[in-house]
Amino acid sequence: MKKFYLSCLLLASLFMNAQTEIDGIMMSKGNFCFGTIYQHSSWDKYWEGTFKRKNLNFGTVSTKSLALMGNYGVSDKLNIIFSLPYVATKASAGTMGGVKGLQDISFTVKYMPFEKTIGKSTYSLYAIGGLSAPISDYPADYLPLSIGLKSKTASLRLMGDYQRGRFFTTLSGAYVKRANVTIDRNSYYTTEIHYTNEVDMPNAISINYRIGYRSSRLIAEAVLDNWVTQSGGFDITTNNMPFLSNTMNALKIGVNTKYTLKKVPALSIIGGCNFVTKGRNVGQSNTFYGGLFYVVNLKKTVQEDEK
């Protein structure tokens, strides 16, 4: 078994959804890792379809979030993960005010059915299922300043991890099913007029690749992440507002790090950044984050209480 089970998971984000589950680390049985992560993202250029432009009516659009996150080890091969972010948006120009509030709560089940060590190399396979739902009545039809798309989602991800010594590489792919969203108007226009308040949301595919260094105290990795909307989306029309069922594609590169304190081995500091290098109907955002996480052995705590 891998020797990193006691470590908290590395965190990254995409469209304000915490991606805690997409690394090759499992929480050991009876351990609970919890903490908070602060994130700041901003952009002043965006893609209108495939055309990159500025919109002086918005200036710089920024998003701040503070998320409560946790991961519990049901067993060494089965983890349950949750995330709940509080999000605030702001534009530096124009008349549209920002929005703030609780966004979407998410639950993820991460299962490792296979792990085998051959020589100095360890191979692992994972199946990861997730659900998310809005937890507050925020306005979805208010892009680019909405705090979310307000769509209930279900995802299934398959992931493989290879480690040799302290070098590792991880590749995963997910299909994201998104439920329709109800908005506060009786008609809207995409490529045609729709006389309804229900918006048909396109599904998406997420591909994530990471490579780097992994030890019991330090993890440092480079990340390539690609989010691709499936059929059903459409482009922002010239000089128009974005809409929640737009095609939203984003190719991101980034760096994630985690350091576990030597004197307090239950405490970890995480940090990182990512940048959108190519997109469609999304902002060319720069994102930075940092957080603290602590591991509690609940099994040990229960045994001590029984004594």
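Note: the structure precedes this text.
This structure is a prediction, so every number in the text was calculated from the model and none was measured.

Rules used throughout
- Residues numbered from 1 in each chain as written.
- Predicted model: local features only at pLDDT ≥ 70, side-chain atom pairs only at ≥ 80, totals over all residues.
- Heavy atoms only, no water.
- Helix = DSSP H or I, 4+ residues; strand = E, 2+ residues; numbered from the N terminus.
- Buried < 20%, exposed > 50% of the residue type's maximum accessible area, 1.4 Å probe, protein only.
- Phe/Tyr/Trp six-rings, centres within 6.5 Å; stacked < 30°, edge-to-face > 60°.
- Lys NZ or Arg CZ within 6 Å of the ring centre and 35° of its normal.
- Pairing = 2+ DSSP bridges.
- Salt bridge = Lys/Arg side-chain N within 4 Å of Asp/Glu carboxyl O.

### Topic: unusual backbone geometry
Thought 1: For the bond running from L143 to P144, omega is 10 degrees, close enough to zero to count as cis.
Thought 2: Inspection of the secondary structure puts P144 in the loop between strand 10 (121-134) and strand 11 (153-164).
Thought 3: In this model, K150 sits at a positive phi of 60 degrees, which is unusual for a non-glycine residue.
Thought 4: Within the secondary structure, K150 sits in the loop between strand 10 and strand 11.
Thought 5: For N281, which is not glycine, the phi dihedral falls at a positive 60 degrees.
Thought 6: Position of N281 among the secondary structure elements: in the loop between strand 20 (267-280) and strand 21 (286-297).
Thought 7: By relative accessible area, N281 is classed as buried at 6%.

### Regarding the packing of aromatic side chains
Thought 1: Counted according to the given criterion, the structure contains seven aromatic pairs.
Thought 2: Seen from their ring centres, F34 and Y294 are 6.3 Å apart, and the 65 degrees between their planes marks the pair as edge-to-face. With F34 in strand 3 (residues 31-43) and Y294 in strand 21, this pair connects stretches of sequence that are 260 residues apart.
Thought 3: By relative accessible area, F34 is classed as partly exposed at 34%.
Thought 4: Seen in terms of ring centroids, F234 and F243 are 6.4 Å apart; in terms of plane orientation they differ by 40 degrees. Their pairing is tilted. Summarising the burial analysis for this pair, F234 and F243 share the class buried.
Thought 5: The ring of Y138 is capped by K150, whose NZ or CZ atom sits 5.8 Å from the centre of that ring.
Thought 6: Stacked on the ring of F168, the Lys or Arg R214 has its end atom at 4.0 Å from the ring centre.

### Some remarks on the pairing of strand 3
Thought 1: Examined bridge by bridge, strand 3 and strand 21 share 12 bridges and lie antiparallel to one another. Bridge pairing links S42 to N286 in strand 21.
Thought 2: Sheet topology places strand 3 next to strand 6 (residues 61-75); 12 bridges connect them, and they run antiparallel. Looking at strand 6, one finds that W43 is bridged to V61.

### Things to note about the pattern of salt bridges
Side-chain pairing between opposite charges can occur once the charged atoms of the two side chains come close.
Thought 1: Here the structure, examined in full by the defined rule, presents seven salt bridges.
Thought 2: The shortest N-O distance in the salt bridge between K150 and D137 comes to 2.4 Å. Here the residue K150 occupies a position in the loop between strand 10 and strand 11, and D137 occupies one in the loop between strand 10 and strand 11, the gap between them amounting to 13 residues.
Thought 3: Between R185 and D141 there is a salt bridge, with the nearest N and O atoms lying 2.6 Å from each other. Here R185 is found in the loop between strand 13 (181-182) and strand 14 (188-189), whereas its partner D141 is found in the loop between strand 10 and strand 11, with 44 residues between them in sequence.

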